Amino acid sequence: MSKTIEYSLLEPASSVEDFLKSNFRCSSNKLKKYFDKSFLNRAFPPHSTLQLPLNFVNDGEINPEYEGPQIATLYEDEIFLVIDKPANIFVHPLLYDEKNNCLSFLRQNKPEVLNVNHSSYDRGLLYRLDFETSGVLVYVKKENDYHFLRENFKSIARKKIYFCLVEGNCSLSGHYTHYFSSKEVKGKRVVVSDSMGNGDRGDLVISGKGYDIKTDTTMLEIDLKTGLRHQIRAQLSHLGHPLRGDDFYGGKTAKRLYLHAHQYQIDHQNQTYKFQSNPSDFSGL
């Protein structure tokens, strides 16, 4: 259960909503996120008290208490901070009391870098990785660079290379194009089709890295040409080779989902940056 903070009021307010708007400078949409209408319409007489959720009071803030494994730094300069995201942690929170995420790690260890894009929970993250995915995660430390890179990401991201383990002896190789339904339903698989429809086009290039007969898995290198939700997972499942550990898309249950962001190459200020991480646990199935 989320923690609460008690507030009291010396002067009356016509409603809880008026009190919250004047004291927390929050919009109606933000209030609807946390409170029902009957609570907001309640009168707030003087000397009365109000219990407010800590998530509301600290809405938009990153919790400084990190709960998760140690996170290694792969590269850092005046613009970029690149970390090696472990599997099974979030890249950023959605509420203040969430602590199992990369930005809480940064808040605990490098709080000064979180002053970028302060109105958004993803701060200076250049892109996101799924909870289950490990590997290269790029954070931009300067406001102007962040907005430029985010707005031009499709053109400045030269390579997005992933490693994964898929079920069976996989002989897939080459460029594959599929079409993704634009109608996403929370908790449902992404719908993938071979035929062009009303959805988004997803492109990737597959290269085989070897079959392991003991685990009955094949390691693949994926050159991700686009970046759709669950793209690698959904496309490989559609092609008959779901990822090991991805039971959501038909893979066998394992201690993790075997998908790793291996390398990102980024062009910025007439320089090509190459950030790379090798998976540490792909051999320990």
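Residues numbered from 1 in each chain as written. Predicted model: local features only at pLDDT ≥ 70, side-chain atom pairs only at ≥ 80, totals over all residues. Heavy atoms only, no water.

**Q** Whenever I open this one, the layout of surface pockets confuses me. Can you help?
**A** Of the volumes computed, that of the largest pocket is approximately 1,200 Å³. Those elements giving two or more residues to the lining of the largest pocket turn out to be α7 (153-156), β6 (157-167), β10 (217-224), α8 (231-238) and β11 (259-268). Counting residues per element, the lining of the largest pocket draws most heavily on β6, which supplies 5 residues. Taken together, the residues that form the lining of the largest pocket break down as 17 nonpolar, 6 polar and 13 charged. If you add up the space inside the second largest pocket, you get close to 160 Å³. (1 Å grid on protein atoms, 1.4 Å probe; cavity = no way out; pocket = protein on both sides within 12 Å on 5 of 7 lines; lining within 4 Å. Points joined across faces, edges and corners; volume = space filled by probe spheres on them. Helix = DSSP H or I, 4+ residues; strand = E, 2+ residues; numbered from the N terminus. Nonpolar A, V, L, I, M, F, W, Y, C, P; charged D, E, K, R; others polar.)

**Q** Where do I start with the packing of aromatic side chains in this structure?
**A** In this description, an aromatic ring pair is defined by two values, namely the gap between the centres and the angle between the planes. Within this structure, the stated rule accounts for 18 aromatic pairs. Aromatic side chains Tyr-34 and Phe-56 sit 5.6 Å apart centroid to centroid with 75 degrees between the ring planes, which places their arrangement in the edge-to-face category. On the criterion of sequence distance, the pair formed by Tyr-34 in helix α2 (residues 28-34) and Phe-56 in helix α4 (residues 54-57) is long-range, its members being 22 residues apart. According to the relative accessible area criterion, Tyr-34 is buried, its value standing at 19%. Given the relative accessible area of 0%, Phe-56 is considered buried. Both rings, one in Tyr-75 and one in Phe-275, keep their centres 5.3 Å apart while their planes meet at 40 degrees; by these two values the pair is tilted. Residue Tyr-75 is located in strand β3 (residues 72-76), and its partner Phe-275 is located in strand β12 (residues 271-276); the two are separated by 200 residues in the primary sequence. What links up through ring pairs into an aromatic cluster is the set Tyr-7, Phe-24, Tyr-34, Phe-35, Phe-39 and Phe-56. (Phe/Tyr/Trp six-rings, centres within 6.5 Å; stacked < 30°, edge-to-face > 60°. Buried < 20%, exposed > 50% of the residue type's maximum accessible area, 1.4 Å probe, protein only.)

**Q** Honestly, the side chain of Ser-134 in this entry has me stumped. Any pointers?
**A** Locating Ser-134 in the fold gives a position in strand β5 (residues 134-140). Here Arg-256 takes part through its side chain, which lies 3.0 Å from a polar atom of the side chain of Ser-134. For Ser-134, the residues in contact, after removing those within four places along its chain, are Lys-85, Pro-86, Ala-87, Leu-129, Arg-256, Leu-259, His-260 and Ala-261. (Polar contact = N/O pair within 3.5 Å; in protein donor to acceptor, adjacent residues only side chain to side chain. Contact = heavy atoms within 4.5 Å.)

**Q** Got a minute to help me understand helix α1 (residues 16-24) in this structure?
**A** Residues spaced three or four apart along an α-helix face the same direction, because each turn holds 3.6 residues. Among the residues of α1, Val-16, Phe-19, Leu-20 and Phe-24 are the ones counted as buried. Around the axis of α1, the buried residues are gathered within 95 degrees of arc, so they sit on the same side. Looking at the buried residues of α1, the elements they touch are β1 (4-8), α2, α3 (37-40), β2 (49-53) and α4. Phi for Arg-25, located one or two positions after α1, is positive at around 50 degrees. (Arc of directions from axis to C-beta.)

**Q** For this particular structure, what's the right way to read unusual backbone geometry?
**A** Glycine aside, a negative phi is what most residues show, and trans is what most peptide bonds show. For His-47, which is not glycine, the phi torsion reads 70 degrees and is therefore positive. Locating His-47 in the fold gives a position in the loop between α3 and β2. Note on His-47: relative accessible area 63%, which makes it exposed. The phi torsion at Asn-270 lies on the positive side, around 60 degrees, for a residue other than glycine. Mapped onto the secondary structure, Asn-270 falls in the loop between β11 and β12. On the basis of relative accessibility, which here comes to 87%, the residue Asn-270 falls in the exposed class.

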